[in-house]
Amino acid sequence: MIKELQRKYASITTKALELFRSLGEECQKKRKRPMTKGVVVRLIRSKEFESRSQADLTDMQSMPHSNFKWIMVYHDHLTKFCILRPLQTKCAAEVSFQLVDIFLFMLFFKVMIAQSSHPG
């Protein structure tokens, strides 16, 4: 391989070619990862605006802003309408206070099913 490349290209050292070859093998190993099987993504379907929504908490403790260490993301599944709220803690009282605030904000819409991926 080295002799073929030296004939084809000029001013390339053997050390550079060895480095390239060693990195090339590592890249090939990384590309040959087995694919995960059995993961099925099912869409959440809704027929009306604000008939189904979801609230998720995003952990920002590694990058807090002031005293806020969590972000609550509220989604409407039909329109992808999104409301973000900063939280200081993940406690149920603070989360429920923010959810009530969002529900009051959207009082003229019907929220029939609310979903959360966090138990408790």
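Above: the structure in question.
Quick summary incoming for the structure in this document. Throughout, a residue's number is its position along its own chain's written sequence, starting from 1. Confidence filtering applies because this is a predicted model: local features only for residues at pLDDT of at least 70, side-chain atom pairs given and counted only at 80 or more, and all residues used for totals across whole chains, interfaces and linings. Excluding hydrogens and water, the side-chain values take into account all heavy atoms of the structure.

## Focus: the overall build of the chain
- The way it works is that DSSP assigns letters per residue, a run of H or I at least four long becomes a helix, a run of E at least two long becomes a strand, and they are numbered from the N terminus. Secondary structure assignment for the chain yields three helices and four strands.
- Counting from the amino terminus, helix and strand elements in the chain follow one another as α-α-β-β-β-α-β.
- For the chain, the residues scored as buried account for 19% of the 120 residues in total.
- Accessible surface area values rest on a Shrake-Rupley calculation with a 1.4 Å probe, where residue burial reflects the displayed protein chains alone. For the chain, the computed accessible surface area is about 10,000 Å², with 60% contributed by carbon and sulfur atoms. Between buried and exposed lies partly exposed: a residue is buried under 20% and exposed over 50% of the maximum accessible area for its type, with that area taken using a 1.4 Å probe on protein chains only.

## Focus: unusual backbone geometry
- Even without glycine at this site, serine 66 takes up a positive phi of about 60°.
- Position of serine 66 among the secondary structure elements: in the loop between β1 (52–59) and β2 (70–76).

## Details of the nonpolar core
- By nonpolar core we mean a set of buried residues, namely Ala, Val, Leu, Ile, Met, Phe, Trp, Tyr and Cys, connected to one another through side-chain atoms within 4.5 Å. Counting 10 residues, the largest nonpolar core is built from Ala55, Leu57, Trp70, Met72, Tyr74, Ile83, Leu87, Val95, Ile102 and Met106.
- Of all the secondary-structure elements, those providing two or more residues to this core are β1, β2, β3 (82–87) and α3 (92–105).
- The element best represented in this core is β2, accounting for three residues.

## Focus: the packing of aromatic side chains
- For Phe, Tyr and Trp, where Trp contributes only its six-membered ring, two rings pair if their centres lie within 6.5 Å, and the inter-plane angle classes them as stacked under 30 degrees, edge-to-face over 60, or tilted in between. In this structure the tally under the stated criterion is one aromatic pair.
- Centre to centre, the rings of tyrosine 74 and phenylalanine 103 are 6.1 Å apart; their planes meet at 80°, and the pair counts as edge-to-face. With a gap of 29 residues between them, tyrosine 74 in strand β2 and phenylalanine 103 in helix α3 connect regions that are remote in the sequence.
- Residue classification places tyrosine 74 among the buried residues on the basis of a relative accessible area of 1%.

## Some details on the pairing of β2
- Among the seven residues in β2, five count as buried, and that is most of the element.
- Pairing geometry for β1 and β2, over seven bridges, is antiparallel. Bridging across to β2, aspartate 59 finds its partner in tryptophan 70.
- The pairing criterion is simple: DSSP has to find at least two bridges between the two strands. Relative to β3, β2 runs antiparallel, the two sharing six bridges. Opposite methionine 72, over in β3, you have arginine 85 as the bridge partner.

## Description of the pattern of salt bridges
- The salt bridge definition used is simple: a Lys or Arg side-chain nitrogen within 4 Å of an Asp or Glu carboxyl oxygen. Taken as a whole, this structure holds one salt bridge when the rule is applied.
- The salt bridge involving aspartate 101 is made with arginine 85; its shortest N-O contact spans 2.5 Å. Here arginine 85 lies in strand β3 and aspartate 101 lies in helix α3, a separation of 16 residues in the sequence.
- With a relative accessible area of 34%, aspartate 101 lands in the partly exposed category.

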